[in-house]
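Structural description and commentary
One-letter residues, chain by chain:
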Amino acid sequence: MMKPFFSILFVLSVCGLSAQTLKNFAVPKGYTQIAEATGDLDKDGTDELVLIFNTNIKASDDRNLEGTTDYKRVFYILKKENNGLKIWKENSDILFSSGTGFYPSDNTLEVTIKNNSFRINQSFFTNSRHTQQYKHTFRFQNGDFYLIGSLDHFEDTCDFSFTNEINFSTGKVIVDKNYSSCDDNAKIPQDFHKEFTHKLQNLIKMDNFKIGEHKFKLPGLKEDFIF
């Protein structure tokens, strides 16, 4: 009759040990905060804090058109405790560096928390006419953070607007290609829209995810769905 009691004690002790091993958080010297969001990510009734920083670590020695230095970025998921903030997760692989794109000063980076999930939205110019936008959504489940949503939007100011979107929880995939032209005499390709279901065998952990390194075949098409 005592086994359930001892099982509960064991679980509580493991959880307590896990909490004690989280490191204290302090903003590293030379880091500049650029985004934040607050919300409950593990459904324990207490809000977590997500902070994103430009670091003081060079991402490259390349100089863009604006002549600014290119720095790596990092985000922290922090747990709030009575004695301060603890680092729950740290990741820099998902974020593009500060100097990414044609006009880095026009880049946008946002983080939001909704329905116990957090989303990172990044956009930048790839050249003077093309914009690239990524939205990636992560949720804490089964003891870790997993990628549950991805949106890739690529647009030209005149010729096209392409969107690839997938909800990994439901498997719903949307591929949308819209064409146009600033030239009244141009021959415009036919728009394309396709929806289907594609279930991954295993969801991808946040720590194992890098933008553009995963793909699967689009049914009936020669191209891949890249995310």
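Everything quoted here is computed from the prediction, not taken from an experiment. (Residues numbered from 1 in each chain as written. Predicted model: local features only at pLDDT ≥ 70, side-chain atom pairs only at ≥ 80, totals over all residues. Heavy atoms only, no water.)

The next subject is the sheet that holds strand β1 (residues 23–24). Here we have 5 strands laid out as an open sheet, ordered β1-β5-β4-β3-β2, and antiparallel in their pairing. The open sheet has two free edges, formed respectively by β1 and β2 (32–39), since each of these has just one partner strand. Note: β1 against strand β5 (residues 84–91), 2 bridges, orientation antiparallel. Bridging across to β5, Lys23 finds its partner in Ile87. (Pairing = 2+ DSSP bridges. Helix = DSSP H or I, 4+ residues; strand = E, 2+ residues; numbered from the N terminus.)

This brings us to the packing of aromatic side chains. Centre distance and the angle of the planes are the two values used to describe a pair of aromatic rings. Tallied over the entire structure, the rule returns 22 aromatic pairs. Considering the side-chain rings of Phe96 and Tyr134, the 5.6 Å spacing of their centres and the 25° angle between planes classify their relative orientation as stacked. Here Tyr134 lies in strand β8 (residues 130–141) and Phe96 lies in the loop between β5 and β6 (108–114), a separation of 38 residues in the sequence. Judged by its relative accessible area of 14%, Tyr134 is buried. By way of ring pairs, the aromatic residues Phe75, Trp88, Phe118, Phe138, Phe140, Phe145 and Phe209 are connected into one cluster. Above the face of the Trp88 ring, Lys79 is positioned so that its terminal group lies 4.3 Å from the ring centre. Just above the ring of Phe162 sits the side chain of Lys177; from NZ or CZ to the centre is 4.5 Å. (Phe/Tyr/Trp six-rings, centres within 6.5 Å; stacked < 30°, edge-to-face > 60°. Buried < 20%, exposed > 50% of the residue type's maximum accessible area, 1.4 Å probe, protein only. Lys NZ or Arg CZ within 6 Å of the ring centre and 35° of its normal.)

Looking now at the state of the cysteines. Scanning the model with the defined rule gives 1 disulfide in all. Shown here is the disulfide that connects Cys158 with Cys182, its sulfur atoms set 1.8 Å apart. The chirality of the disulfide connecting Cys158 with Cys182 is left-handed, given an S-S dihedral of about -90°. Placement of Cys158 in the loop between β9 (144–156) and β10 (160–167) and of Cys182 in the loop between β11 (172–179) and β12 (192–197) is noted, with a sequence separation of 24 residues between them. Its relative accessible area of 52% is what places Cys182 among the exposed residues. (Disulfide = S-S within 2.5 Å.)

What follows concerns the nonpolar core. Ranked by size, the top nonpolar core spans 34 residues in total, and within it Phe75, Ile77 and Phe118 carry the most contacts. Ignoring anything within four residues of it in the chain, the contact list for Phe75 reads Val50, Leu51, Ile52, Lys89, Glu90, Asn91, Ile94, Leu95, Phe118, Ile120 and Met206. Within the second largest apolar cluster, 9 residues are counted, among which are Phe25, Val74, Tyr76 and Ile87. (Core = buried A, V, L, I, M, F, W, Y, C linked by side-chain atoms within 4.5 Å. Contact = heavy atoms within 4.5 Å.)

If you trace the backbone, His130 turns up in strand β8. A sequence separation of 28 residues divides His130 from Phe102, and the C-alpha atoms of the two residues are 9.2 Å apart. Separated by 2.7 Å, the side chains of His130 and Asp156 make a polar contact. (Polar contact = N/O pair within 3.5 Å; in protein donor to acceptor, adjacent residues only side chain to side chain.)

The next thing to look at is the side chain of Ser98. With respect to the secondary-structure elements, Ser98 resides in the loop between β5 and β6. In terms of polar contacts, Ser98 uses its side chain to reach the backbone amide nitrogen of Tyr71, at 2.8 Å.

Structurally, the position occupied by Asp144 is in strand β9. A distance of 3.2 Å separates a polar atom in the side chain of Asp144 from a polar atom in the side chain of Lys89. In this structure Asp144 touches Lys89, Arg139 and Lys205, once residues within four positions along its chain are discounted.

Quick look at the pattern of salt bridges now. Enumeration according to the criterion identifies 12 salt bridges in this entry. Measuring nitrogen to oxygen at the nearest pair gives 2.5 Å for the salt bridge that ties Asp42 to Lys79. With Asp42 in the loop between β2 and β3 (48–58) and Lys79 in strand β4 (residues 71–81), this pair connects stretches of sequence that are 37 residues apart. The class of Lys79 is buried, set by a relative accessible area of 15%. Here Asp207 and Lys89 are joined by a salt bridge, their closest N and O atoms 2.8 Å apart. On the criterion of sequence distance, the pair formed by Asp207 in the loop between β12 and β13 (215–217) and Lys89 in strand β5 is long-range, its members being 118 residues apart. (Salt bridge = Lys/Arg side-chain N within 4 Å of Asp/Glu carboxyl O.)

Summarising the model, the protein chain shows a mean pLDDT of 90, and 89% of its residues fall at 70 or more. Overall, residues 5–19 carries pLDDT values under 50, and its contacts beyond four positions in sequence, including any with other chains, amount to 1 contact. (pLDDT = per-residue confidence, 0-100.)

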